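Breakdown of the fold
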Amino acid sequence: MIEAIAMAHAWEMQADPCVVVIGQDVGANGGVFRATAGLQQRFGADRVQDTPLAESMIAGMSVGMAAQGLKPVAEIQFMGFIYPALDQIINHMSRMRYRTRGRLSCPVVIRTPHGGGIHAPEHHSESTESLLCHVPGIRVVIPSSPARAYGLLLAAIRDPDPVVFLEPARLYRAVRQEVADDGRALPLDRCFILREGGDVTIVTWGAMTAEVLRAVTELDEEGVSAEVLDLATLSPIDSGTILASVAKTGRLVIVHEAARNVGVGAEIAALVAEHGLYDLQAPIQRVAGYDTVMPLFRLEQEYIPGVRRIVDAVQATLAA
Amino acid sequence: MDRMRTDISFRFPCHRVLDELGNVTAELPPFAHDAEDMLRMYRLMTLARAFDAKAVNLQRTGQLGTYASCLGHEATHVGVAAAMRPEDVLAPVYREYATQMWRGVTMREILLYWGGDERGNDFATPRQDFAWCVPIATQTLHAAGAAMAFKIRGEPRCALAYIGDGGTSEGAFYEAINLAGARALPVVFVIVNNGWAISVPVAAQTAAESLAQKAVAAGIPGFQVDGNDVIAVREVASRALAVARGGGGPAVIEALTYRLSDHTTADDASRYRSPEAVRLAWAQEPLLRLRKFLLQAGCWDAAREQVLLEDCAAQVEAAVAEYLGTPKQSTDAMFDHLFAQPTAQLLEQRDIARRYAGKSGSH
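Residues numbered from 1 in each chain as written. Chains lettered and ligands numbered in written order. Predicted model: local features only at pLDDT ≥ 70, side-chain atom pairs only at ≥ 80, totals over all residues.

1. Thoughts on the domain arrangement of chain B
Selection criterion: Residue ranges for the domains trace back to a domain assignment, done automatically or taken from a database.
On domain assignment, one finds that chain B holds domain 1 (10-329) and domain 2 (330-363). Centre-to-centre separation of domain 1 of chain B and domain 2 of chain B, based on C-alpha positions: 36 Å.

Shown next as structure tokens:
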């Protein structure tokens, strides 16, 4: 996935001279995960800039650059470090277009690694996407494969509004997939149906798609046919695809790594309760991280929902 | 208008007592004449280096998580530690192991932290020091807050925050030094300028000629010191801490040193800096000059050096054995200490975690 992300950057920088990459260690070092490897050598130090160490500054300067017609693609090194930038993201980036009645806008992409499972130090394994999803005026996107990382990042950069692009850190090097470097974007605001099935709908995103697909293989052996939706754009939610799937299966399980409390899963459950209640044949199940701090890595596998929990939730909804 | 205009000029001469060959280039402070005192610092610097090499090795062999090496920082860390009093409060970053060890943190606790176990943050002593701080520069405000508590209670104590060169670009750092100056707080900020914020050199971080001069805008004293000279570091830090404890206000100290290692074990510095620069930095490293000074002073010799190295190796091995022998916490630990009393929601989830213990996660 990491190469696909670098490739999408390179394609769009070549195609659009307004695209500028900024962040800590994105230049000579090519990013701590190598997401911007080779870009500075190819496009120069003006268009691929190492910034001073200050996340609020990265978000704030992105607002200024974007208001001047550039398209900043900014890396926040880990999601746990995005919090100082929230002032700029929430108070300015998300509402520049709105406040100025369309006179100024913020076509910014903020990229940041998401989630745990890579034995990282403290504050390096956060999955706090619902903080961002609550903010009007920004899209929150998370890919689940190299091809979707490529296509969705291109779409995010081309989008006229701010996009927070979350990158599942444990997928960076987990999966290898041939990705055509053809500059073709994938649609934002749309779910991807990873697998069709008739008995139950499972909605998930990011790295959790891997656990869900493993659980689904196990369910196959038990004769349960699950439909798997990769939410991909966490805000705004593609409710149409979810509701159509639930209308077909009558059952819904939502799986996410982030804490359950006021997680994105709660929004999906509410949407289905509002618009698809009569399609449901069983209560909705949520399988989520616990409502505690992501533990240091000796216990992180106990925090991240595993195959067993997912299978059990599906069985519970089928038994209801 | 005139009242608002002040033209100032400033110089921050780098204070140094020992040159890289251990020659004395300035007047020695009184503690430098006390052989036992000097040897205590040298022993800890040597232990920190032995510990550091072992920790890197543990990471390379899959027995430790990502680890931030302290290689080359020993004089700054020990000089500052020796200047502090037990009742002072330290707000560390995540690399200042020798300061913490001087204050009572054990090598086992350090390994537990980098080994992915929260108990590493729960050191037996010193109970009031802050935990390691990964979100850059945030700890400087905690130190200022602790200093505010000392001031309100009229206690002759001082808080001390470390920060790296890159960290001085963060808003939190400016907020902290400004607050400290505005309220004359008993706090000392030690900027460990090791030249690199991961791959970004100081020159790309700021146009300021020194980081010490950032104190000027906050209206507080700034000092620059050779961070590879433990005598100079301790002397400057002792003075600043004494002033602060006595109600004389805060200070910023910039210690010039060099990160001889990668940023962490997850980093590969060869991608962005030349081996030549690192080779030159090795000639300035802190242990060598102190050893030479001690040899010249007649209180050290090769035989004692050998005994010390063996003793350090044994201490490190014992700590590693304790660390490796510490069983993993149960899943209950995820729910302990989030609140003083666990909520009903957490108790329910604790039961779920128990049920799935050992069969959760992605593998």
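2. Points about helix 5 (residues 138-153) of chain B
Residues and elements named next belong to chain B. Quick note on the threshold: Runs of E in the DSSP output that reach at least two residues are strands. Runs of H or I that reach at least four are helices, and both are numbered from the N terminus. Expected helix span is computed as 1.5 Å times (number of residues minus one). Backbone-placed C-beta atoms define the burial measure: a residue is buried with 20 or more other C-beta atoms within 10 Å of its own, exposed with 12 or fewer, and partly exposed in between. Contact between two residues is assigned when their C-beta atoms, built from the backbone, lie within 7 Å.
The first and last C-alpha atoms of helix 5 sit 24 Å apart over 16 residues, in line with the 22 Å expected at 1.5 Å per residue. Buried residues of helix 5: Thr 138, Gln 139, Thr 140, Ala 143, Ala 144, Ala 146, Ala 147 and Phe 150, and no others. Where helix 5 is buried, its residues meet strand 2 (89-91), strand 3 (159-164), helix 6 (171-182) and strand 4 (187-193).

3. Concerning unusual backbone geometry
What is expected of a backbone is that most residues other than glycine have negative phi and most peptide bonds are trans. Cis rather than trans, the peptide bond between Ser 235 of chain A and Pro 236 of chain A has omega equal to 0°. Mapping Pro 236 of chain A onto the fold places it in the loop between strand 10 (233-235) and helix 9 (239-249). Residue Pro 126 of chain B is bonded to the preceding Thr 125 of chain B through a cis peptide linkage, with omega at -10°. Secondary-structure assignment places Pro 126 of chain B in the loop between helix 4 (107-114) and helix 5. Even without a glycine there, the phi angle at Arg 101 of chain A is positive, about 55°. Within the element layout of this structure, Arg 101 of chain A appears in the loop between helix 5 (96-99) and strand 4 (109-114). By the C-beta count within 10 Å, which is 7 here, Arg 101 of chain A ends up exposed. If you check the backbone angles, Ile 198 of chain B has positive phi at about 45° while not being a glycine.

4. Topic: the pairing of strand 12 (residues 285-289) of chain A
Each regular strand shows side chains that alternate between the opposite faces of the sheet. Residues and elements named next belong to chain A. How we decide: When DSSP finds two or more bridges between two strands, those strands count as paired. When the strands point away from the viewer and the path from the first strand over the helix to the second turns clockwise, the crossover is right-handed.
Counted residue by residue, strand 12 has 4 buried out of 5 residues, so it is predominantly covered. Relative to strand 12, strand 11 (residues 252-259) runs parallel, the two being bridged by 5 bridges. What sits directly across from Val 253, in strand 12, is Gln 285. In the classification by handedness, the crossover that spans strand 11, the intervening helix 10 (residues 264-275) and the parallel strand 12 is right-handed.

5. Digging into the interface of chain A and chain B
Often, the extent of an interface is quoted as the loss of accessible area upon association of its parts. To keep things clear, this is the line we draw: Any residue outside Ala, Val, Leu, Ile, Met, Phe, Trp, Tyr, Cys, Pro, Asp, Glu, Lys and Arg is labelled polar, Gly included; the first ten of those are nonpolar and the last four are charged.
Opposite the 37 residues of chain A that make contact, chain B presents 40 residues. Going through the elements one at a time, helix 8 (208-221), helix 11 (300-303) and helix 12 (307-319) of chain A are the ones with two or more residues in the side of chain A that touches chain B. The residue inventory of the side of chain A that touches chain B, partitioned by class, reads 18 nonpolar, 10 polar and 9 charged.

6. Notes on the packing of helix 1 (residues 35-60) of chain B against helix 12 (residues 302-324) of chain B
Residue and element names in this part refer to chain B. For clarity, the cut-off: Angular values range over 0 to 180 degrees, each being the angle between N-to-C directions of two axes fitted as lines to C-alpha atoms, with helices fitted over their stretch in contact. Here the word oblique covers every angle except those under 35 degrees (roughly parallel), over 145 (roughly antiparallel) and from 65 to 115 (roughly perpendicular). Crossings are assigned a handedness: left-handed for a near helix turned anticlockwise from the far helix by less than a right angle, right-handed for a clockwise turn.
The geometry of helix 1 relative to helix 12 is characterised by a closest axis approach of 9 Å and an angle of 45° between their N-to-C directions. By the angle between their axes, helix 1 is oblique relative to helix 12. Once helix 1 is placed against helix 12, the crossing between them reads as right-handed. Facing Arg 43, Thr 46, Leu 47, Ala 50, Phe 51, Lys 54 and Leu 58 of helix 1, the residues of helix 12 in contact are Leu 308, Cys 312, Ala 313, Gln 315, Val 316 and Val 320. For the contact of helix 1 with helix 12, the per-class residue count stands at 9 nonpolar, 2 polar and 2 charged.

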